[in-house]
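Residues per chain, in single letters:
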Amino acid sequence: MRLTILGGGGFRVPLVYGALLADRGAGRVTRVVLHDVDAARLDAMTRVLAEQAAGVPDAPEVAATTDLDEALTGAGFVFSAIRVGGLAGRAEDERVALAEGVLGQETVGAGGIAYGLRTVPVAEDIARRVARLAPDAWVINFTNPAGLVTEAMSRHLGDRVIGICDSPVGLGRRVARALGADPDRAQVDYVGLNHLGWVRALRVDGRDQLPRLLADPALLGSFEEGRLFGADWLAALGAIPNEYLHYYYFDREAVRAYREADRTRGAFLRDQQHGFYAAMRDPAAPALATWDRTRAEREATYMAENRETAGAGEREPEDLSGGYEKIALALMRAVARDERTTLVLNVRNRGTLAALDADAVIEVPCLVDANGAHPLAADPLPAHAAGLVTAVKAVEREVLEAARTGSRAAALRAFALHPLVDSVTVARRLLDGYARAHPGLAHLR
Ligand code: G6P
Ligand code: MN
């Protein structure tokens, strides 16, 4: 089977390839086509992958191209992990927002809106091409903001595009471990939007164990989200939020920490990856070792500012390895081999959450088989969560409209109506600031 990776020169491609190398099952991926707009990045990644494959019998063969249509034609699966505007664009998103005193994170708040505005048109173009050139392919979208981008692509691909994120899976496993439960046997009740969901129950043999966790400050202090949000707030809230809700519940502290930091996350990654790709221009450089060192540094510093304001300390060693590639592979296997499994994915709501319409992409446990991903029934959201989810989905819809029609009014509504933007005046300045920073947004009228 053939897998095409869009953003194939991107930094996390070796994680995916590593997972493919470990897969010995029938019907596995035998050919990987990397697509990127940047040939030098493709060269760098091809070298890392070649070192990974050394000595592995029947390693999937790797080809690279800058021709999108060629990459898509004949694909069985398409992984989309692109970054429109690169990490320089991400750093700009943060800078413009922080200058206005609001959050510039790549998926949350003003930064997520700016990133969405420039990414949606590119994602829709890709989706249209897939529909034409590889109509039977399954598209697995990792591109952030993952929920919004998946919804944009679903307008052309229906249920053949599925969005993934490793945050909910990591959260579910951490909660299970804190409770002494087997993460593979625990049933996690998690629902919301991407980077905006809550664990509301964790059932082992049908019995909810979460109340025991919420009542025990020591247990709550034993894992990442417990330390990030604090035992007292989690007990009061009665659920364990996705780590990205730290930006909502501790907005002031997060904004202050990012303003005081030497460099924002995007600027740090921009400089770090610039160093990596520059090093790869030396043909004698050890590709895999250099990549792995860079990866370890990236993972250790993930959400460092948030953890610092919360006094949460370092990340646990078992949280460092990510898992995003494991979810992608599990999803692909379930679909390709009809291996039924349950995964938290970004799919169309249908009737799952009454607060949202049928086409809204939500993040929810799904039953996956050869027919795709089917959301499992979920209890209604409590009012505070339904409020946030509907507000943020409404903002996403404005982004989709602005991207499609070029409407400045829709873009202004997106910024102004976001719960983390506190004034229409600020929203207007954000829009102007982003239009100056990203020439691609100058078309908004
Ligand atoms: C988590 C998030 C992803 C994000 C990744 C890397 O896994 O769920 O959406 O892409 O972290 O974040 P970073 O800040 O290192 O780019
Ligand atoms: Mn994510």
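Owing to the predicted nature of the structure, the values given are computational and were not obtained by experimental measurement.

Draft legend 1. Looking closely at the pattern of salt bridges. For the coordinates displayed, the defined rule picks out 40 salt bridges. The salt bridge involving R24 is made with D58; its shortest N-O contact spans 3.8 Å. Here D58 lies in the loop between α2 (39-53) and β3 (61-65) and R24 lies in the loop between α1 (13-22) and β2 (31-35), a separation of 34 residues in the sequence. Exposure remark for R24: the relative accessible area of 44% places this residue in the partly exposed category.

Draft legend 2. Representation of the packing of helix α4 (residues 86-99) against helix α5 (residues 109-133). Axis separation between α4 and α5 bottoms out at 9 Å; the angle between their running directions is 140°. By the angle class used here, α4 and α5 are oblique. Seen along the crossing, α4 lies across α5 with a hand that is right-handed. Of α5, the residues touching α4 (which contributes G89, R90, D93 and A97) are A110, G111, A114, Y115 and R118.

Draft legend 3. Seen up close, the nonpolar core. Counting residues in hydrophobic clusters, the biggest one holds 98 residues, and the most contacted among them are W198, L213, I240 and L345. Ranked by residue count, the leading element in this core is helix α17 (residues 324-337), at eight residues. Apart from residues lying up to four places away in sequence, L213 is in contact with V175, A178, L179, L219, L220, F223 and I240. If you look at the next biggest cluster of nonpolar residues, it comprises 29 residues, including V120, V399, A403 and A416.

Draft legend 4. Spotlight on unusual backbone geometry. The linkage connecting N144 with the following residue, P145, adopts the cis geometry, with an omega of -10°. On the secondary structure map, P145 appears in the loop between β5 (138-141) and α6 (146-157). Look at H195: it is not a glycine, yet its phi comes out positive at around 60°. Along the polypeptide, H195 turns up in the loop between β7 (187-193) and β8 (196-204). A positive phi angle, close to 50°, is found at D205, a residue other than glycine. Position of D205 relative to the elements: it lies in the loop between β8 and β9 (207-208).

Draft legend 5. The arrangement of the coordination of the manganese ion (ligand 2) in detail. C165 (SG) and H195 (NE2) make up the full set of protein donors to the manganese ion (ligand 2), lying at 2.3 to 2.4 Å. You can see C165 sitting in the loop between β6 (161-163) and α7 (167-178) and its partner H195 sitting in the loop between β7 and β8, a full 30 residues away along the chain. Residue classification places C165 among the buried residues on the basis of a relative accessible area of 9%. Classification of H195 as buried rests on a relative accessible area of 4%.

Draft legend 6. Structural view of the site of ligand 1. Not every one of the 13 residues close to ligand 1 is listed here, only the nearest: R90, D166, S167, R265 and R298. Side-chain polar atom of R265 to an oxygen atom of ligand 1: 2.8 Å apart, as the coordinates give it. Counting residues domain by domain, the shell around ligand 1 receives three or more from each of domain 1 (2-164) and domain 3 (252-310).

Draft legend 7. Local environment of the packing of aromatic side chains. All told, the structure shown has ten aromatic pairs when counted by the stated rule. A centroid spacing of 5.3 Å and a plane angle of 75° characterise the contact between W233 and Y249, whose relative ring orientation is edge-to-face. Taken together, the positions of W233 in helix α11 (residues 231-237) and Y249 in helix α12 (residues 246-249) put the pair 16 residues apart, joining distant regions of the chain. Taking 6.2 Å as the distance between ring centres and 45° as the angle between the ring planes, the aromatic pair formed by Y247 and Y258 counts as tilted. Of the two residues, Y247 sits in helix α12 while Y258 sits in helix α13 (residues 251-260), which places them eleven residues apart along the sequence. Here the aromatic residues F11, F276, Y277 and W291 are joined through ring pairs into a cluster of three or more. Directly above the aromatic system of Y277 lies the positively charged group of R41, at a separation of 4.4 Å from the ring centroid.

Calculation rules
Residues numbered from 1 in each chain as written. Chains lettered and ligands numbered in written order. Predicted model: local features only at pLDDT ≥ 70, side-chain atom pairs only at ≥ 80, totals over all residues. Heavy atoms only, no water. Salt bridge = Lys/Arg side-chain N within 4 Å of Asp/Glu carboxyl O. Helix = DSSP H or I, 4+ residues; strand = E, 2+ residues; numbered from the N terminus. Buried < 20%, exposed > 50% of the residue type's maximum accessible area, 1.4 Å probe, protein only. Axes fitted to C-alpha atoms, helices over the stretch in contact; angles between N-to-C directions. Parallel < 35°, antiparallel > 145°, perpendicular 65-115°, else oblique. Left-handed = near helix turned anticlockwise from the far one by under 90°. Contact = heavy atoms within 4.5 Å. Core = buried A, V, L, I, M, F, W, Y, C linked by side-chain atoms within 4.5 Å. Donors = N, O, S within 2.8 Å, 3.2 Å for Na, K, Ca; no water. Near = heavy atom within 4 Å. Polar contact = N/O pair within 3.5 Å; in protein donor to acceptor, adjacent residues only side chain to side chain. Domains from an automatic or database assignment. Phe/Tyr/Trp six-rings, centres within 6.5 Å; stacked < 30°, edge-to-face > 60°. Lys NZ or Arg CZ within 6 Å of the ring centre and 35° of its normal.

Everything listed here is a matter of geometry and, on its own, says nothing about what the molecule does.
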